[in-house]
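# Structural characterization, general
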Amino acid sequence: SQKIEQNSEALNIQEGKTATLTCNYTNYSPAYLQWYRQDPGRGPVFLLLIRENEKEKRKERLKVTFDTTLKQSLFHITASQPADSATYLCALDMMSGTASKLTFGTGTRLQVTL
Amino acid sequence: EAGVAQSPRYKIIEKRQSVAFWCNPISGHATLYWYQQILGQGPKLLIQFQNNGVVDDSQLPKDRFSAERLKGVDSTLKIQPAKLEDSAVYLCASSFQGGMNSPLHFGNGTRLTVT
């Protein structure tokens, strides 16, 4: 069956370091992959979208890579700040019956400390 | 632009009671989604509308859940009767287009507790 896997354990890093979050998927080849940020008590907020023919996408301190051979996306936050502390969700289009729908991973909680 | 509006923010009901959630998407967004997010999990799609037609409701428990989107704008999601396992946050989202390359804009959700 199709699966999306994100590290369920929280990632703790020091301010100023680079945070790297992983999203792995199996038994599917998505055309797009999206990353969202979710703060407690809030809905997810869109951050970046990367297409299958793109290896890397950047936005300010954020960088996303997409390796369709490894079936993996990496999400990097450089020069991390305490304000970056949140849960980060990856999402990709997955087939369900005859429809394609955006399916989310369980998310990884990032904690940036001083 | 104004974001996706949802109400109520919180709801506590007893099992077997009914409940309804309301969503007003971003103006001009044709596609509307309802997601269920259980604590510690990612959002799970319940139903997707394109204008006022249903695109996908394959994961909607149709024996107790129903949703409608009248006039292709606002939407309501209803649960009747509620079960304990329905305790979750119900998120509404909208997008300009329905394709997978169109980012979703989420509301802050309704937290439902079933006792």
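The coordinates are above.
Notes on the structure follow. (Residues numbered from 1 in each chain as written. Chains lettered and ligands numbered in written order. Predicted model: local features only at pLDDT ≥ 70, side-chain atom pairs only at ≥ 80, totals over all residues. Heavy atoms only, no water.)

## Structural notes on the overall build of chain B
Definition in use: Secondary structure follows DSSP: runs of H or I at least 4 residues long count as helices, runs of E at least 2 residues long count as strands, and numbering of each begins at the N terminus. A simple rule labels every residue: compare its accessible area, found with a 1.4 Å probe on the protein chains alone, to the largest value its type can have, and call it buried under 20%, exposed over 50%, or partly exposed in between. Throughout, a contact is declared for two residues whenever any of their heavy atoms are within 4.5 Å. Residue burial considers only the protein chains on display, and all accessible areas are found by Shrake-Rupley using a 1.4 Å probe. His is not counted, nor are the chain ends, whereas Lys and Arg count as positive and Asp and Glu as negative. The atoms used to mark charge sites are NZ of Lys, CZ of Arg, CG of Asp and CD of Glu.
When its secondary structure is counted, chain B shows 0 helices and 11 strands. Along chain B, helices and strands appear, N-terminal first, in the series β-β-β-β-β-β-β-β-β-β-β. Along the three orthogonal principal directions, the C-alpha set of chain B runs to about 35 × 25 × 25 Å. Expressed as a percentage of the 115 residues in chain B, the buried residues total 45%. Partitioning the contacts of chain B with sequence separation of at least 6, the portion at a separation of at least 24 is 53%. A total accessible area of about 5600 Å² is found for chain B, and carbon and sulfur atoms account for 50% of it. Taking the 12 positively charged and 9 negatively charged side chains of chain B as two groups, their mean positions are separated by 4 Å.

## Notes on the packing of aromatic side chains
The criterion, for reference: A pair of aromatic rings is counted whenever rings of Phe, Tyr or Trp (Trp by its six-membered ring) have centres within 6.5 Å, and the orientation is called stacked for planes under 30 degrees apart, edge-to-face for over 60 and tilted otherwise.
Using the criterion set out here, one finds 12 aromatic pairs over all chains in the structure. Centroid distance Tyr35(B) to Phe106(B): 5.7 Å. Interplanar angle 55°. Geometry classified as tilted. Placement of the pair is Tyr35(B) in strand β4 (residues 31-37) and Phe106(B) in strand β10 (residues 105-106), with a sequence separation of 71 residues. Judged by relative accessible area, Tyr35(B) falls into the buried class, the value being 0%. Put simply, the rings of Tyr36(A), Phe46(A), Phe104(A), Tyr33(B), Tyr35(B) and Phe106(B) pair up and form one aromatic cluster.

## Side note on the interface of chain A and chain B
Definition in use: Values labelled buried area give the accessible surface lost by two parts on being combined, using a 1.4 Å probe and summing over both. Just to be clear on terms, a salt bridge is a Lys or Arg side-chain nitrogen sitting within 4 Å of an Asp or Glu carboxyl oxygen. Polar contact criterion, stated in full: a pair of N or O atoms within 3.5 Å, where within protein one must be able to donate a hydrogen and the other to accept it, and residues adjacent in sequence count only if both atoms are side-chain atoms. Here the term charged refers only to Asp, Glu, Lys and Arg, the term nonpolar to Ala, Val, Leu, Ile, Met, Phe, Trp, Tyr, Cys and Pro, and the term polar to all other amino acids, Gly among them.
The interface is formed by 21 residues belonging to chain A together with 20 residues belonging to chain B. Between chain A and chain B the total buried area reaches about 1600 Å² when both faces are included, carbon and sulfur atoms providing 55% of it. Interface area lost by chain A to chain B is led by Lys101(A), Leu102(A) and Phe104(A), which between them contribute 29%. Remark: the boundary between chain A and chain B carries 1 salt bridge. Of the charged contacts in the structure, one is a salt bridge between Lys101(A) and Asp56(B), with a shortest N-O distance of 3.2 Å. Remark: the boundary between chain A and chain B carries 7 residue pairs in polar contact (both at pLDDT 80 or more). Mapped onto the side of chain A that touches chain B, the elements with two or more residues apiece are β4 (32-38), β5 (45-51), β9 (86-96) and β10 (99-104) of chain A. If you tally residues by element for the side of chain A that touches chain B, the top one is β10(A), at 5 residues. For the side of chain A that touches chain B, the per-class residue count stands at 9 nonpolar, 8 polar and 4 charged.

## Quick look at the sheet that holds strand β1 (residues 5-7) of chain B
Residue and element names in this part refer to chain B. This is how the line gets drawn: When DSSP finds two or more bridges between a pair of strands, those strands are recorded as paired. Lines are fitted to the C-alpha atoms to define the axes, a helix being fitted only along its stretch in contact, and any angle between axes, read from their N-to-C directions, falls within 0 to 180 degrees.
Pairing is antiparallel in the open sheet, where 4 strands are placed in the order β1-β3-β8-β7. Taken across any chain shown, the strands that pair with only one partner, and hence form the sheet edges, are β1 and β7 (65-68). Each strand axis lies, on average, 15° off the axis of its neighbour in the sheet, ignoring direction. The pairing of strand β3 (residues 19-24) with strand β8 (residues 75-79) spans 5 bridges and is classified as antiparallel. When the sheet's bridge partners are listed, Cys-23 is paired in β8 with Ser-75.

## Here's the deal with the side chain of Gln34(A)
Here Gln34(A) lies in strand β4. With relative accessibility at 1%, the residue Gln34(A) sits in the buried group.

## Points about the pairing of strand β3 (residues 19-26) of chain A
All names here are of chain A. Side chains Ala-19, Leu-21, Cys-23 and Tyr-25 of β3 all project onto a buried face; the interleaved residues Thr-20, Thr-22, Asn-24 and Thr-26 project onto a face where none is buried. When strand β1 (residues 3-6) meets β3, the two strands line up antiparallel, connected through 4 bridges. Bridged to Glu-5 within β3 is Asn-24.

In short, geometric facts, not functional conclusions.
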